[in-house]
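# Notes for the structure review
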Amino acid sequence: MPRFFFHIIAENTFLDDEGTSFSDDQEAMLHARELAVEMMRSIGVVKGAIVIENEDSGGLFEVPLSWSN
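Not measured: the values here are computed from a predicted model.

## Quick look at the side chain of Asn-54
Checked against the element boundaries, Asn-54 lands in strand 4 (residues 49-54). Residue Asn-54 is classed as buried on the basis of its relative accessible area of 7%. Separated by 2.6 Å, the side chain of Asn-54 and the backbone nitrogen of Asp-56 make a polar contact. Not counting residues up to four positions away in its chain, the partners in contact with Asn-54 are Pro-2, Arg-3, Phe-4, Asp-25 and Leu-60.

Written out as structure tokens, the structure is:
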């Protein structure tokens, strides 16, 4: 299973040095979306994104931490 890293890029940047294994990109994206919702609930809306990186292929996608409905 590939390992994915979830880097938070916002006012403060937090790099995920450990990563988490997921079976595919879709599972990793779902996890990132859940993480974004959890972060916005706990700390409010911030400008930034969660950048998801695959240990094998590098950067894959990002999930914004703020958006408008």
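After that view, the rundown keeps rolling.
## Examining the packing of aromatic side chains
Enumeration according to the criterion identifies two aromatic pairs in this entry. Where Phe-6 meets Phe-22, the ring centres are 5.9 Å apart and the plane angle is 80°; that geometry is what we call edge-to-face. Remark: Phe-22 occurs in the loop between strand 3 (20-21) and helix 1 (25-43) and Phe-6 occurs in strand 1 (residues 3-9); sequence separation between them is 16 residues. An aromatic cluster of three or more residues is present, and its members are Phe-4, Phe-6 and Phe-22.

Criteria and cut-off values
- Every chain's residues receive numbers from 1 upward, in the order its sequence appears when written.
- A pLDDT threshold of at least 70 governs which residues receive local features in this predicted model, and a stricter bar of 80 or more applies before side-chain atom pairs are shown or counted, although totals over entire chains, interfaces and linings include all residues.
- Side-chain measures were taken over the full set of non-hydrogen atoms in the model, leaving aside hydrogen atoms and water.
- A run of DSSP states H or I qualifies as a helix once it reaches four residues; a run of E qualifies as a strand once it reaches two. Both are numbered from the N-terminal end.
- Per-residue accessibility, obtained with a 1.4 Å probe over protein chains only, is compared with the maximum for each type, and a residue is labelled buried under 20%, exposed over 50%, and partly exposed between these values.
- As used in this structure description, the phrase polar contact means that two N or O atoms lie within 3.5 Å; if the pair is within protein, one of them must be able to donate a hydrogen and the other to accept it, and residues adjacent in sequence are counted only when both atoms belong to side chains.
- Contacts are assigned to residue pairs that have any heavy atoms within 4.5 Å of one another.
- Stacked, tilted and edge-to-face are the three classes applied to pairs of Phe, Tyr and Trp rings, where Trp contributes its six-membered ring and a pair requires centres within 6.5 Å; stacked means planes under 30 degrees apart, edge-to-face means over 60, and tilted covers the rest.

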